[in-house]
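# Observations on the model geometry
What follows is each chain in one-letter form.
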Amino acid sequence: MRTLAGYVTRWLRVATGLALGTATAVVELLCLIVGGLALLPVLAWPRGRATVLRLLTATAHTLGGLERKRLDRFLGVRLPGAQADGAALRHLAARWPLGLLGGVVLVCAAYGLGLGTFGFYGWLITEIDHPWLVAVGSLAGFFLLFLSVQGALGVVSLEGRLARHLLGPSQAHALEARIAQLASSRAEVMDVVHDERRRIERDLHDGVQQRLVALGMLLGRARRLRARDPERADELLRQAHEESRRALTELREVAWRVYPTVLDEAGLRAALESVAERSPLPVGLTYTVEGPLPRAAETVAYFVVSEAVTNVVKHAGATRIDVHVVLTEGELSVRVTDDGGGGADASGSGLGGLASRTAALDGRFAVDSPAGGPTVVRAVLPCA
């Protein structure tokens with residue numbers, strides 16, 4: 001459930017996106033005017049016309065790239081694939097009225113907010129002789145603010161539709177890209193499964209199996225010495241008992257890495273707390289999730305945290321790890337940060353496997369690990 005701070009943050013982000021959209025709309029209108037004026041003298045000259053159109057198209061492509069970033073960052077509109085030059089030019093010509101409309105809506109919202117709250121601060125700056133007029137004006141201001149909010153939602157929706165229609169891929173291209181993505185993610189998941197099987201086999205062979213062999217040898221020696229040297233036999237039995245405890249511990253570790261039962265029994269938070277408790281480094285856990293999560297998302301989030309913490313302990317030389325798990329707007333965001341030396345290889349088997357797991361759920365995975373640190377591993381999983 002979204003908090004008041006979450007709503008305020010969202011609307012500030014939307015307002016910032018619309019304000020930037022108004023600024024880019026002015027730039028787009030100026031580019032169209034300048035481009036149209038430049039085309040008039042060269043309409044009958046093919047080479048000159050082509051030069052002007054090429055410059056105008058390049059400008060439209062640059063502005064279209066900025067629009068894609070603005071829509072993604074502030075309005076939550078993600079456009080997969082690259083844009084075509086012709087589509088960028090059409091978007092440049094069609095979007096500027098919508099951008100200016102967004103600016104008008106913001107001005108109306110600001111005026112409505114100021115008018116609606118005038119009763120709270122107006123007495124500080126002027127003498128109020130007719131309070132009832134101020135009350136009526138406040139009601140009118142809040143009504144204007146309400147209409148402006150609805151208008152902002154409409155502008156955001158129209159911005160998204162226009163961008164998807166002109167800057168996004170066609171339906172056929174989108175389907176082809178989706179099929180290719182599913183085929184690729186399926187192959188990557190199969191590779192991850194095979195790697196996990198090989199790792200489990202290696203852990204069992206090099207760890208548990210070797211301890212069981214040592215345990216059998218100790219028991220055999222104790223059995224042979226039982227009659228001749230009881231004290232030595234008792235010592236061997238004590239060693240065998242310790243070896244059995246170590247074998248059981250390693251077997252539990254292998255089973256835990258395969259799939260933690262606590263994830264099914266107590267949920268993701270308890271599983272992550274277990275990861276933090278088992279880590280030799282201090283792990284700070286921030287878990288902001290209300291309500292149940294899809295089982296697949298919980299599983300991937302757990303393995304992202306578990307593998308990232310394991311990599312930090314083995315390779316990063318860090319002194320502390322921070323884990324943040326937050327559910328916002330239907331997406332589960334997982335972030336693991338350490339204060340180590342950085343330089344993590346995102347294409348390695350461990351992090352590469354996490355990227356494949358995340359891609360299998362249509363999620364996003366990123367690793368930021370500059371030399372000298374810190375290293376930040378992020379995964380965003382859809383939970384709608």
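We now turn to the structure provided with this report. What you see as residue numbers is a count from 1 along each chain, following the sequence as written. At least 70 in pLDDT is required for a residue's local features to be given in this predicted model, at least 80 for side-chain atom pairs to be given and counted, and no such filter applies to totals for whole chains, interfaces and linings, which use all residues. Only hydrogens and water are removed before side-chain values are computed, so all heavy atoms of the structure are retained for them.

Segments assigned H or I by DSSP are reported as helices when at least four residues long, segments assigned E as strands when at least two residues long, and all are numbered from the N terminus. The helix and strand inventory of the protein chain stands at 11 helices and 5 strands. Throughout, exposure labels follow a simple rule: accessible area from a 1.4 Å probe, protein chains only, divided by the maximum for the residue type, with under 20% read as buried, over 50% as exposed, and the rest as partly exposed. Across the 384 residues that make up the protein chain, the buried fraction comes to 34%. The long-range fraction of contacts in the protein chain, counting pairs at least 24 apart against all pairs at least 6 apart in sequence, stands at 69%. We call two residues contacting when some pair of their heavy atoms lies within 4.5 Å.

Let us now look at the packing of aromatic side chains. Any Phe, Tyr or Trp ring, taking Trp's six-membered ring, that has another such ring centre within 6.5 Å forms a pair; planes under 30 degrees apart are called stacked, those over 60 apart edge-to-face, and the others tilted. Counting across every chain of the model gives 1 aromatic pair. Geometrically, the ring pair formed by Tyr302 and Phe303 is edge-to-face, given 5.2 Å between the ring centres and 75° between the ring planes. Comparing Tyr302 with Phe303, the two get one shared label, buried. Only lysine NZ and arginine CZ atoms are considered, and such an atom sits over a ring when it is within 6 Å of the ring centre and within 35 degrees of the ring normal. Over the ring of Phe74 we find Arg73, and its NZ or CZ is 5.2 Å from the ring centre. Sitting over the ring of Phe303, Arg357 keeps its end group 4.2 Å from the ring centre.

Moving on, we come to the side chain of Thr337. Positionally, Thr337 belongs in strand 3 (residues 331-338). Thr337 sits in the buried class, given a relative accessible area of 19%. Non-local contacts of Thr337, meaning those with residues more than four positions away in its chain, are made with Arg320, Ile321, Asp322, Pro374, Thr375 and Val376.

Here we take up empty space enclosed by the protein. Grid points spaced at 1 Å over the protein atoms alone were grouped into cavities, where a 1.4 Å probe fits but cannot get out, and pockets, open sets with protein on both sides within 12 Å along at least five of seven lines, with lining residues defined by an atom within 4 Å of a point. Grid points are joined across faces, edges and corners, and a volume is the space filled by probe spheres set on the points. The tally for this structure, following the rule as stated, stands at 1 cavity of 30 Å³ or more. Taken as a whole, the largest cavity holds about 30 Å³ of empty space. As for the largest cavity, its lining consists of Leu272, Val275, Ala276, Val283, Leu285, Val305, Val309 and Val323. The greatest single-element share of the lining of the largest cavity, amounting to 3 residues, is contributed by helix 9 (residues 268-278). Its residues placed into classes, the lining of the largest cavity shows 8 nonpolar, no polar and no charged. Note on residue categories: nonpolar means Ala, Val, Leu, Ile, Met, Phe, Trp, Tyr, Cys or Pro, charged means Asp, Glu, Lys or Arg, and polar means any other residue, Gly included.

Bringing the environment of Gly122 into the picture now. Within the fold, Gly122 resides in helix 4 (residues 118-125). Sequence-wise, Gly122 and Val134 are 12 residues apart; in three dimensions their C-alpha atoms are separated by 8.9 Å.

Okay, the sheet that holds strand 4 (residues 364-368) next. Two strands qualify as a pair provided DSSP detects at least 2 bridges between them. Strand order in the open sheet formed by 5 strands is 1-2-3-5-4, with mixed pairing between adjacent strands. One side of each edge strand has no neighbouring strand; the edge strands of this open sheet are strand 1 (283-288) and strand 4. Across the sheet, the axes of successive neighbouring strands diverge by a mean angle of 10°, strand direction being ignored. Across 6 bridges, strand 1 lies against strand 2 (residues 321-328) in parallel orientation. Across the sheet, the residue bridging to Thr286 is His324, located in strand 2. Every angle, taken between N-to-C directions, lies between 0 and 180 degrees, and every axis is a line fitted to C-alpha atoms, over only the stretch in contact when it is a helix. Strand contacts of helix 9: strand 1, strand 2 and strand 3, with the helix running at about 170° to strand 1, the strand carrying the most contacts. Seen against the sheet, helix 10 (residues 295-316) touches strand 2, strand 3 and strand 5 (375-382) and runs at an angle of roughly 10° to strand 3.

Residues enter patches when they are more than 30% accessible in relative terms and free of salt bridges; like-charged ones are connected within 9 Å and nonpolar ones (Val, Leu, Ile, Met, Phe, Trp, Tyr) within 5 Å. The protein chains shown are the only cover counted for residues, whose accessible areas, like all others here, come from Shrake-Rupley with a 1.4 Å probe. Here, a salt bridge means any side-chain nitrogen of Lys or Arg that lies within 4 Å of a carboxyl oxygen of Asp or Glu. There is a patch of nonpolar side chains on the surface, built from Val26, Leu30, Ile33, Leu37, Leu40 and Leu43 and spanning about 580 Å² of accessible area. Residue placement: Val26 occurs in helix 1 (residues 4-39). You can call Val26 partly exposed: its relative accessible area is 39%.

When the charged atoms of two side chains with opposite charge come close together, those side chains can pair. Per the stated rule, a full pass over the model turns up 10 salt bridges. We note a salt bridge from Arg269 to Glu273, for which the minimum N-O separation is 3.5 Å. One end of the pair, Arg269, and the other, Glu273, are both in helix 9, 4 residues apart, so they sit about a helical turn from each other. We note a salt bridge from Arg364 to Glu331, for which the minimum N-O separation is 3.4 Å. Of the two residues, Arg364 sits in strand 4 while Glu331 sits in strand 3, which places them 33 residues apart along the sequence. Classification of Arg364 as partly exposed rests on a relative accessible area of 37%. Judged by relative accessible area, Glu331 falls into the partly exposed class, the value being 21%. Salt bridges sharing common partners tie together Glu28, Glu67, Arg70, Arg95 and Glu159.

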